[in-house]
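Observations on chain architecture
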Protein chains: 2
Amino acid sequence: MADSWVNSAERIGADLHVELAGSGSRRAALTRALRSAVQDGRLAPGTRLPPYRSLAADLGIARNTVSQAYAELVAEGWLTARQGSGTRVAPRAEPVRPARVAVEPPPRAAVGPAHNLMQGQPDAGSFPRGAWLSCARRALNAAPNEAFGPGDPQGRIELRRALADYLARVRGVRTTSDRIVVCSGFAHALRLLFGGQVLRGPLAVESYGLAFHRSLLAAEGVRTVPVGLDEQGARVAEFSQRPELKGVRAALLTPGHQFPTGGPLHPERRAAAVDWARARGRVLLEDDYDGEFRYDREPVGAVQGLDPERVVYLGSVSKSLSPAVRLGWMVLPEQLVEPVLAAKGMREAWASVLDQLTLADLIESGAYDRHVRRMRQRYRSRRDQLLAALDEHAPHITAAGIAAGLHAVLRLPVGTEGAALKAAARQGIALDGLAGYRHPDAVMPAQDGLVVGYATPPDHGYQAALDALCRALPPMR
Amino acid sequence: MADSWVNSAERIGADLHVELAGSGSRRAALTRALRSAVQDGRLAPGTRLPPYRSLAADLGIARNTVSQAYAELVAEGWLTARQGSGTRVAPRAEPVRPARVAVEPPPRAAVGPAHNLMQGQPDAGSFPRGAWLSCARRALNAAPNEAFGPGDPQGRIELRRALADYLARVRGVRTTSDRIVVCSGFAHALRLLFGGQVLRGPLAVESYGLAFHRSLLAAEGVRTVPVGLDEQGARVAEFSQRPELKGVRAALLTPGHQFPTGGPLHPERRAAAVDWARARGRVLLEDDYDGEFRYDREPVGAVQGLDPERVVYLGSVSKSLSPAVRLGWMVLPEQLVEPVLAAKGMREAWASVLDQLTLADLIESGAYDRHVRRMRQRYRSRRDQLLAALDEHAPHITAAGIAAGLHAVLRLPVGTEGAALKAAARQGIALDGLAGYRHPDAVMPAQDGLVVGYATPPDHGYQAALDALCRALPPMR
């Protein structure tokens, strides 16, 4: 038969497809159907079969017929029956997998470097499971029924209100909930803005930044033009001075903590960037990827606060909580709200409503603040430990940038980065050099350095990672 | 000063940006900073300020300085202090919002039709909150730390394993976890497949289907070519017969329950579609949008089971649980797994890992089966109630298709659909006519009908909705 699944297939118990077709009695058909389901692996070893009564009722056959079929398969060794645990597929029943469909692969071996100092990840072991679950319980129980319906593509109002208050309080962002669009993270925001034709290129970007963002923009057909960096951050005067930059229609900056080199944008340049956007009708994109993590009592508010109509503010919980919670947000100028929603589409909600409700409760209840404070202390002591190790073992190497974030850049003498990376690899360290962050069209002098993420290693392994790192650094000349 | 947020801004208590710049004492600076934060609305009425001790420690100033600043603002009326509840922003403090940023908008009024019979939504009031929360607690507590790290773009292995077993058991899908890619839903799957250039158009689609899918495909540059429908489902023989269809590289079908007209694809046509894909090197996309909801004991397994190497099977929890849980899945032929993962990108995880872990537990624990069974009974009785109402009040109108799903199509005499929709609107009913589902290039004769979603109305309003519907139907001629 061409299609054995179609004819007279019926549904049993805890939802199983069986075929009762073919000649012979109902009992024979059921026995044959169950046997073949076990044989070809659709019924996995250990799976519990429905009780006689419910299967019989579902199929409209006698209970006795079901019990006889089960008994036959127990006798054949396909099923096992034990008092109190019901009838199950026998553990040793070896499935005959269909041709060309491989058996379940073994889990990938967790092979990794001895020391993971890659930037970009918060400490996965610190996710506040208890607080998250408490907030989820409160939020889901309190949610109106409509929360489980199709949903607002802009994001749940509970979360947008909580974010409007939180970002105003903590980051100096000036907004209201109707200017906020919830998304799945920074990458999703870029896709909506550029893939959705809300903004167009060319786009000015900092000469050092994430290659992932550049390739994502390139995939959306957006040309990026690098602007120089110095100790005061992005050289925003180049927007008006360098011919290559005169045509850009927007600029993506990391004003709070230049990524990855680590400096804040100088106050005069913050103002100058906003002035440029105003005068030329351009838009600034502010990537505030780790704004909550500054350790030196000199936090810098969002540039967005200077002109909410010229700056798109972008944030997420990927650094503050976990990238496993796929939630981020855009704070938009008024005139961009409708275009972004049009790009998002009425049916494309993407971000889990359950997570949105839970995060809103986490923020409103103060649990988010407490978590951020705890993580700030943790990362700050990680950074202090790194600096102390350098001080002791490699005093000629300095960490660039401000006391902030989840990573530091160790400056290296020109021409030594490649050798240092090789030495690090020999020490079993995974980390990046600055070269991978450099825009291919950058004209500023190349900088040598190592990007050290200090958030990821477990406590017990961190000192060993630092020791290995110091051994990999070039010696004093 | 151009940028009041930059200079000497400091962070307080439960994370608040205040500016301690300017002349005068620390106390005066703190008082001024807090006052302005209240004035411009960043500190919302009711917000609790940090205790003296912790703010003083954070800012490195004397406790007394903080208490004096608070006292001054209490005296001015900006703050209130009450024993046991700490110091808070006064409820009557009217924020002076920055220019051009509107005040928090009032919640949108919930204006809707009296009777919502739109298709496409499960019953939002039936979301299994308790089961979901129990599974979330178990899953999050059991998850390894790495679950909160960057994550596998293919989806959590726990969920892919649970889905492989579940889909085999319930839908006759033949797969293993390494062929499954988790996504945010059907729309996301289409974007990955066609936006990611894994598959290319032109794409054959059924002459009646969701306009949303057609426009999404059009946005990805995919031309869709409609194939005819009759009482046996899609006329797959047209793939080889009609010149317009000879160039298509893939076909999107709803074999289990044609959407929206409601028939299953005939067994011979299921086989013929697979034969066509094999012979011509084409791919079938199987949209199994409501495969779990069949009420007549003749469930039809997935076409995918006929040839896992030629069929991409697509499903989600949007109908079975809620569209608020943004989770769906693709079951892929072996050769498409790598291309889809490449299109997804290593950093684009999208789907919440927390929800993935929870859904895996929901499936494995049997709670998902129990929920689906409960909903099947509910929707089945909804459908029975609709048929009974027609039988009584409009016996000349028949419901097309099989006893399945969350909607039914009421066939109307040719040329009467527009008038029926207007009559329904007068009765306060929201629902669609078939015309909106018709492909603009369809050549088959147009059908008149109403698409009645019966999942959404609350129990107490359903009979009234049906009564209104029957009043809106064209009278017997």
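The shown structure was predicted, so the numbers you read here are calculated from the model rather than taken from an experiment.

All right, on to the overall build of chain A then. Counting secondary structure elements, chain A contains 15 helices and 19 strands. Long-range pairs, those at least 24 residues apart, make up 71% of the contacts in chain A between residues at least 6 apart in sequence. Per element, the accessible surface of chain A, about 18400 Å² overall, is 51% carbon and sulfur.

Residue and element names in this part refer to chain A. Burial analysis of strand β16 (residues 407-411) places 4 of its 5 residues in the buried class, which makes it a mostly covered element. For strand β15 (residues 399-400) and β16, the ladder comprises 2 bridges, and the chain directions are antiparallel. The residue of β16 that forms the bridge with Ala-400 is Val-409. In textbook terms, the turn of a hairpin is the stretch between consecutive antiparallel strands, and for β15 and β16 this stretch comprises 6 residues, one of which, Gly-401, has a positive phi near 85°. Looking at chain direction, β16 and strand β19 (residues 449-453) are connected through 5 bridges and run antiparallel. Looking at the pairing, His-407 lines up with Gly-453 of β19.

Turning our eyes to something else, we now look at the packing of aromatic side chains. Taken as a whole, this structure holds 16 aromatic pairs over all chains when the rule is applied. When the ring of Phe-148 of chain A is compared with that of Phe-127 of chain B, the centres are 4.4 Å apart and the planes differ by 10°; the resulting orientation is stacked. In this pair, Phe-148 of chain A is assigned in the loop between α4 (129-142) and α5 (157-171) and Phe-127 of chain B in the loop between β5 (115-116) and α4 (129-142), connecting two distinct chains. Phe-127 of chain B shares its class with Phe-148 of chain A; the two are buried. Between Tyr-166 of chain B and Tyr-368 of chain B the ring centres are 5.2 Å apart and the planes differ by 75°, which places this aromatic pair in the edge-to-face class. One end of the pair, Tyr-166 of chain B, is in helix α5 (residues 157-171); the other, Tyr-368 of chain B, is in helix α13 (residues 367-393), with 202 residues separating them in the sequence. The exposure class of Tyr-368 of chain B is buried, given its relative accessible area of 1%. An aromatic cluster of three or more residues is present, and its members are Phe-127 and Trp-132 of chain A together with Phe-148 of chain B. The side chain of Arg-382 of chain A reaches across the aromatic face of Tyr-462 of chain A, ending 4.3 Å from its centre.

Turning our eyes to something else, we now look at the pattern of salt bridges. Residues and elements named next belong to chain A. Considering all chains together, one arrives at 38 salt bridges over all chains under this definition. With a closest N to O distance of 3.1 Å, Arg-179 and Glu-309 form a salt bridge. Of this pair, Arg-179 sits in the loop between α5 and β6 (180-183) while Glu-309 sits in the loop between β12 (283-287) and β13 (311-316), and the two are 130 residues apart along the sequence. Overall, the relative accessible area of 4% leaves Arg-179 in the buried class. The class for Glu-309 is buried, based on a relative accessible area of 7%. Several salt bridges converge on common partners, so that one network encompasses Asp-230, Arg-235, Glu-238, Arg-242, Glu-244 and Arg-269.

With respect to the element layout, Ser-322 of chain B can be found in the loop between β13 (311-316) and β14 (328-331). Between the alpha carbons of Ser-322 of chain B and Arg-282 of chain B there is a distance of 32 Å; along the sequence they are 40 residues apart. Other than its neighbours up to four places away in sequence, Ser-322 of chain B contacts Phe-148 of chain A together with Pro-122, Phe-127 and Val-317 of chain B. Within the structure, Ser-322 of chain B has its side chain in polar contact with the backbone nitrogen of Ala-324 of chain B (distance 2.8 Å).

Moving on, we get to the side chain of Ser-322 of chain A. Judged by its relative accessible area of 0%, Ser-322 of chain A falls in the buried class. Ser-322 of chain A has contacts with Pro-122, Phe-127 and Val-317 of chain A together with Phe-148 of chain B, leaving out every residue within four places of it along the chain.

Residue and element names in this part refer to chain B. With 12 residues, helix α12 (residues 353-364) extends 16 Å from end C-alpha to end C-alpha; this agrees with the ideal 16 Å at 1.5 Å per step. Burial analysis of α12 places 11 of its 12 residues in the buried class, the great majority of the element. If you check which residues of α12 are buried, you get Val-353, Leu-354, Asp-355, Gln-356, Leu-357, Thr-358, Leu-359, Ala-360, Asp-361, Leu-362 and Ile-363. The N-cap residue of α12 is Ser-352: its side-chain oxygen and the backbone nitrogen of Leu-354 are 3.2 Å apart.

With that settled, the discussion passes to the packing of α4 of chain A against helix α12 (residues 353-364) of chain A. Residue and element names in this part refer to chain A. Interaxial distance between α4 and α12 falls to 8 Å at its minimum, and their mutual angle equals 110°. One element, α4, and the other, α12, form an angle in the roughly perpendicular class. Listed contacts from α12 to Ala-131, Trp-132, Cys-135, Ala-136, Arg-138, Ala-139 and Leu-140 of α4 are Leu-354, Asp-355, Leu-357, Thr-358, Leu-359, Asp-361 and Leu-362. When the residues that make up the contact of α4 with α12 are grouped by side-chain class, the tally is 10 nonpolar, 1 polar and 3 charged.

Below, the discussion takes up the environment of Ser-54 of chain B. Residues and elements named next belong to chain B. Tracing the chain through its elements places Ser-54 in helix α2 (residues 52-59). Ser-54 gets classed as partly exposed once you look at its relative accessible area, which sits at 26%. Along the primary structure Ser-54 and Val-66 are separated by 12 residues, whereas in three dimensions their C-alpha atoms are 9.8 Å apart.

Before going further, it helps to spend a moment on the sheet that holds strand β12 (residues 283-287) of chain B. As a general point, the strands of a sheet are linked pairwise by backbone hydrogen bonds and lie either parallel or antiparallel. All names here are of chain B. In space, the 7 strands of this open sheet follow the order β6-β14-β13-β12-β11-β7-β8, with mixed pairing throughout. Of all strands in the sheet, those with a lone pairing partner are β6 (180-183) and β8 (224-227), marking the two edges. Averaged over all pairs of adjacent strands, the angle between strand axes in this sheet comes to 20°, irrespective of strand direction. Pairing analysis gives 3 bridges linking strand β7 (residues 203-206) to strand β11 (residues 250-253), with the strands arranged parallel. Residue pairing in the sheet places Val-205 in a bridge with Leu-252 of β11. Packing of α5 onto the sheet brings it into contact with β6, β13 and β14, and relative to β6 it is tilted by some 105°.

What follows concerns the confidence of the model for chain A. Residue and element names in this part refer to chain A. Confidence in the prediction of chain A, expressed as mean pLDDT, is 88, and 89% of residues score 70 or more. Contacts from residues 93-102, a stretch scored under 50 in pLDDT, to residues over four places away or in other chains number 28 contacts. For this predicted complex, the interface confidence score (ipTM) comes to 0.82, while the overall pTM stands at 0.83.

This paragraph deals with the packing of α13 of chain B against helix α15 (residues 459-472) of chain B. Residue and element names in this part refer to chain B. Their axes nearest at 10 Å, the elements α13 and α15 cross at an angle of 35°. Relative to α15, the crossing made by α13 is right-handed. Taken together, the residues of α15 that come into contact with α13 (itself represented by Arg-378, Arg-382, Gln-385, Leu-386, Ala-389, Leu-390 and His-393) are Asp-459, Tyr-462, Gln-463, Leu-466, Asp-467, Leu-469 and Cys-470.

Okay, the state of the cysteines next. Every disulfide links exactly two cysteines, by a covalent bond between their sulfur atoms. In the structure shown here, the tally under the stated rule is 0 disulfides over all chains. With no disulfide of its own, Cys-183 of chain A has Cys-183 of chain B as its nearest cysteine by sulfur position, at a separation of 18 Å. On the basis of relative accessible area, Cys-183 of chain A is assigned to the buried category, the value being 1%. Among the cysteines around Cys-135 of chain B, which has no disulfide bond, Cys-135 of chain A carries the closest sulfur, lying 19 Å off.

Before going further, it helps to examine the side chain of Thr-416 of chain A. Relative to the elements of secondary structure, Thr-416 of chain A occurs in the loop between β16 and α14 (417-426). Contact partners of Thr-416 of chain A, with chain neighbours within four places excluded, come to Asp-448, Pro-474 and Arg-477 of chain A.

Conventions and cut-offs
- Residues numbered from 1 in each chain as written.
- Chains lettered and ligands numbered in written order.
- Predicted model: local features only at pLDDT ≥ 70, side-chain atom pairs only at ≥ 80, totals over all residues.
- Heavy atoms only, no water.
- Helix = DSSP H or I, 4+ residues; strand = E, 2+ residues; numbered from the N terminus.
- Contact = heavy atoms within 4.5 Å.
- Areas by Shrake-Rupley, 256 points an atom, 1.4 Å probe, with all protein chains shown as cover.
- Buried < 20%, exposed > 50% of the residue type's maximum accessible area, 1.4 Å probe, protein only.
- Pairing = 2+ DSSP bridges.
- Phe/Tyr/Trp six-rings, centres within 6.5 Å; stacked < 30°, edge-to-face > 60°.
- Lys NZ or Arg CZ within 6 Å of the ring centre and 35° of its normal.
- Salt bridge = Lys/Arg side-chain N within 4 Å of Asp/Glu carboxyl O.
- Polar contact = N/O pair within 3.5 Å; in protein donor to acceptor, adjacent residues only side chain to side chain.
- Expected span 1.5 Å × (residues − 1).
- Axes fitted to C-alpha atoms, helices over the stretch in contact; angles between N-to-C directions.
- Parallel < 35°, antiparallel > 145°, perpendicular 65-115°, else oblique.
- Nonpolar A, V, L, I, M, F, W, Y, C, P; charged D, E, K, R; others polar.
- pLDDT = per-residue confidence, 0-100.
- Left-handed = near helix turned anticlockwise from the far one by under 90°.
- Disulfide = S-S within 2.5 Å.

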